[in-house]
Amino acid sequence: MPADLEFDDVAVSYRQAGRADLRAVDGVSLALHEGEVLGLVGESGCGKSTLARAACGLEPLTGGSIRFDGEPVTRLGRGRRPQRLRRIQMVFQNPYASLNPRRRIGSQIEDGRRAVTGNAPPVAELLADVGLEPDVARRYPHEFSGGQRQRIAIARALAAMPRVLIGDEPIASLDASLQARIATLMRDIASRRGVSLLFISHDLSVVRMIADRIAVMRAGRIVELGTAEEVWAHPRDAYTRRLLAAIPIADGLGTLPGG
Amino acid sequence: MSRVGRGQADGLTESPGADAADWRGLRIGGLTLSVRGKDGPSEILRGVDLRVPAGEVTGLAGESGSGKTMTGLAVCGLQPAGALVRGTVELRGERMLVPNVLSLRSRELNRVRGREVAMVFQDPTASLHPMISIGGQLTDHVRHHLGMSKQDAREHAVSLLERVHVPRPREALSRYPHQFSGGQLQRIAIASAIACAPSVLIADEPTTALDVTVQAGVLRLLRELCDDLGLAVLLVTHDLAVMSSVADTIAVMHDGAIVEHGDRRQVIRHPRNDYTRSLIESLPKTPPPGAGPYDEELTDAR
Amino acid sequence: MSTDAAAGPGGRRTLRAPAWKRRRRPLLPQQWRRPMAIVGIVVIVFWLVIAVLAPLVAPYDPLAQEFARLAPPSAAHWFGTDVLGRDVLSRTLYGSRISLPLSLILVLASMVIGSVVGAIAGYFGRVVDEVIMRIADLVFAFPTIILAMIVAASLGPSLLNAVIALLVVSWPSYARVMRSLVLSARGQEYVVAGRLLGAGTVRSLGRDILPNVAAPVLVLATLDFGNAILLLSGLSFLGLGAVPPTPEWGAMVSDGVQQFSSWWLAAFPGLAIFTVVVAFNFVGDALRDALDPRTAEAVSEVSV
């Protein structure tokens, strides 16, 4: 299967005053195949967000390479992002910070459409895709709830007709009752538009629902990679098992999660 | 169970007929709260009735904006300035019987708060002072409320940290909040909350900011404290899975009122209310993970 | 609308205000209904009207030296007359035509220059930031008025030179505030999102960053307005600003204090400076409260 986004032995380190460098990402090799949903799971500080930012050129690599469509992803410096790389888009964690509060929804989505040459779908269609009415375009972000804002952020990312969509903990700030819904929405749109989705989350139970494959990350490394069913039902790595055992289940039985 | 508490001397007398009921804990009756909004007053709570008995974890579930957090705050008299609160919050602790927390004057309220009713919040870094050592924070509290000597307070702090399973408690006393992980900090925040042996603990999303593996530990701790100390725990969270694993009874809140309150099994498996049902249906449908042979290995590891 | 319309903000409450606080930021008019803000606005409007209508409301020509010298306040000369027999009331009223616009220009210019320079420092960082902020530090290292005196003295006494001198000393505070605001805004998710969509420097700064950080700088400017009047008056007082016989408030106070027994010479222009400074501070406070969501809540409690 051809890969859209290929991480090859990627390393990202941060310099720390008076201490050894912090290796946030430590030799990750991973491929996001065309049209697949890859779930990247791990706990806070495991480097999953750093990896996502690196894929967008937001972090300098200290080792390895990231290739998009066969060509390397260059770091986003002061200049404008090259056309080619705008086909990688991101949905952020905090829906309250990812929309410019002083601009109308419509013009923010327009930015996405203008980002690439080609026939980007009209704003109304993008909004309809994420389950919002066309009149949303005339309004401002503060008029919307967290879940709605996240839908808007998804629409904006899709406006640039990405080939790779990266969700960096896109459901972590939402109510539990919304998390599964937004995750499924992202999955559905990605598969409808033929976009590869890298879905990053700490919530294995939601990722399992939408991902084709799951990668489990810990301390900058991928400790387990397999199909969603494999990882869920037959985890090989001890850490993955601990992670699975710690998930509380809403079964009404009062079973305390292990940990 | 002595009724002679400090409360009586301060005018915190019991209501008539207090002896009749032999229960301990917290009873919220007809709690309403409204704030002045841009277009007239808006009701945040519309008559909340809830009983939080001692020795049980009572879950208060609901989406954000449902008023669950405000309920927890109002019980402690921590409602926003200018808010109008009506109703009764009856507190029946080991040391103190308060017919209505809401009618207390601020000095009496301060005594109840922190001594009889303690709170734990989502973000432990916000409830611990960054510039004061853990020991300082834990001892200040008990010295103020219980009038302990410095040495006794220190010993008490060590036993508290042991109680919440913070490793090497003596060393921990001289360290500062930034030197601990989020899970350890939440444990320390819980230690600080139970320092004065309160009868009621209000935990507002205590594990929402934590990783799952850490969350599991904190949930176990809450359950343990509730069982061992006979605390009345009010657990406020939007996470029904968390609720299902620790709470004995679950109350579901929607739009400022409790729409359903019952045994956890009944609420999760056979919800009577439509709103509750919609909440439960929105959860990811997943079989229990890892049916494989990992369970025994995990037990070994423990 | 979407199916999740019932949901409020996300489950994490650490950064966001709870639901009862989450009302839209009150519109400014409600904020202005505070007593202090009203007083401030009334005083400022009063002085603006005076400045425009000075020739109509002033009883005499401010430069005419045709009255008894050093006459105390009387029915004919409410504020008395000065050493040269000029009417103090007329001079004070005419003074508003000089002091107000000049300080306005001064504040606006230093706000614009300081903000742009600060935004550039914050956005580009590294060498650019270092150079700009070290220059700012250099200016900060001197006492404001002393540095302004040195610059004004080297340029020669005139009102324009005084404004230039004060510009030199007042831009760094705006630059510093703007730099830190831009620095924190630069990492905001919506700014990053814009960059991922291909926004260049100018777009990113002009559309995503500056509109969202302008409020605190605006507040700083209103609070700085009083300061600007005082500094300008101060330079005039020292003889480095307005040249006689220009009726500038600071210069009038300066002249007045030399006539020790004639209190009215310094008192009335001094009072004029005082009222304007206080008024702008009131307005600045109100503006700050209105733009700061944390205080906006408390403010609405006392609105009349």
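Structure: above.
What comes next is a walk through the structure. (Residues numbered from 1 in each chain as written. Chains lettered and ligands numbered in written order. Predicted model: local features only at pLDDT ≥ 70, side-chain atom pairs only at ≥ 80, totals over all residues. Heavy atoms only, no water.)

**A few points about the overall build of chain B**
Looking only at helices and strands, chain B has 13 helices and ten strands in total. Counting the 302 residues in chain B, one finds 54% classified as buried. For chain B, the share of sequence-separated contacts (at least 6 apart) that also reach a separation of at least 24 residues comes to 68%. Entry remark: accessible area of chain B is about 13000 Å², with carbon and sulfur atoms responsible for 49%. (Helix = DSSP H or I, 4+ residues; strand = E, 2+ residues; numbered from the N terminus. Buried < 20%, exposed > 50% of the residue type's maximum accessible area, 1.4 Å probe, protein only. Contact = heavy atoms within 4.5 Å. Areas by Shrake-Rupley, 256 points an atom, 1.4 Å probe, with all protein chains shown as cover.)

**Some details on the interface of chain C and chain A**
The interface of chain C with chain A comprises 35 residues on the first partner and 47 residues on the second. Counting each side, the surface lost to burial between chain C and chain A is near 3400 Å², with a carbon and sulfur contribution of 50%. At the junction of chain C with chain A, the criterion picks out one salt bridge. Among the salt bridges present, the one from A:Asp111 reaches C:Arg207, with a minimum N-O distance of 3.3 Å. Inspection of the region where chain C meets chain A yields twelve residue pairs in polar contact (both at pLDDT 80 or more). Put simply, the parts of the chain that give the side of chain C that touches chain A at least two residues each are α3 (88–124), α7 (189–196) and α8 (201–237) of chain C. By residue class, the composition of the side of chain C that touches chain A is 14 nonpolar, ten polar and eleven charged. (Buried area = accessible area lost by both parts, 1.4 Å probe. Salt bridge = Lys/Arg side-chain N within 4 Å of Asp/Glu carboxyl O. Polar contact = N/O pair within 3.5 Å; in protein donor to acceptor, adjacent residues only side chain to side chain. Nonpolar A, V, L, I, M, F, W, Y, C, P; charged D, E, K, R; others polar.)

**Regarding helix α5 (residues 176–193) of chain A**
Residue and element names in this part refer to chain A. For α5, spanning 18 residues, the distance from its first C-alpha to its last is 27 Å, which sits close to the expected 26 Å at 1.5 Å a residue. Along α5, the residues that are buried comprise Ala176, Ser177, Leu178, Gln179, Ala180, Ile182, Ala183, Leu185, Met186, Ile189 and Ala190. Of the residues flanking the end of α5, it is glycine 194, one or two places downstream, whose phi is positive at about 65 degrees. (Expected span 1.5 Å × (residues − 1).)

**Some thoughts on the packing of aromatic side chains**
Taken as a whole and judged by the stated rule, the model has six aromatic pairs over all chains. Look at C:Trp47 and C:Trp249: their rings are 4.9 Å apart centre to centre, the planes differ by 65 degrees, and that puts the pair in the edge-to-face class. Placement of C:Trp47 in helix α2 (residues 35–57) and of C:Trp249 in helix α9 (residues 249–258) is noted, with a sequence separation of 202 residues between them. Where C:Trp263 meets C:Phe268, the ring centres are 5.8 Å apart and the plane angle is 45 degrees; that geometry is what we call tilted. The exposure class assigned to C:Phe268 is buried, which follows from its relative accessible area of 16%. Aromatic rings pair up to connect C:Phe79, C:Trp263, C:Trp264 and C:Phe268 into one cluster. Sitting over the face of the ring of B:Trp23, B:Arg51 holds its NZ or CZ atom 4.5 Å from the ring centroid. Note that B:Arg92 overlies the ring of B:Trp23, its terminal NZ or CZ placed 5.4 Å from the centroid. (Phe/Tyr/Trp six-rings, centres within 6.5 Å; stacked < 30°, edge-to-face > 60°. Lys NZ or Arg CZ within 6 Å of the ring centre and 35° of its normal.)

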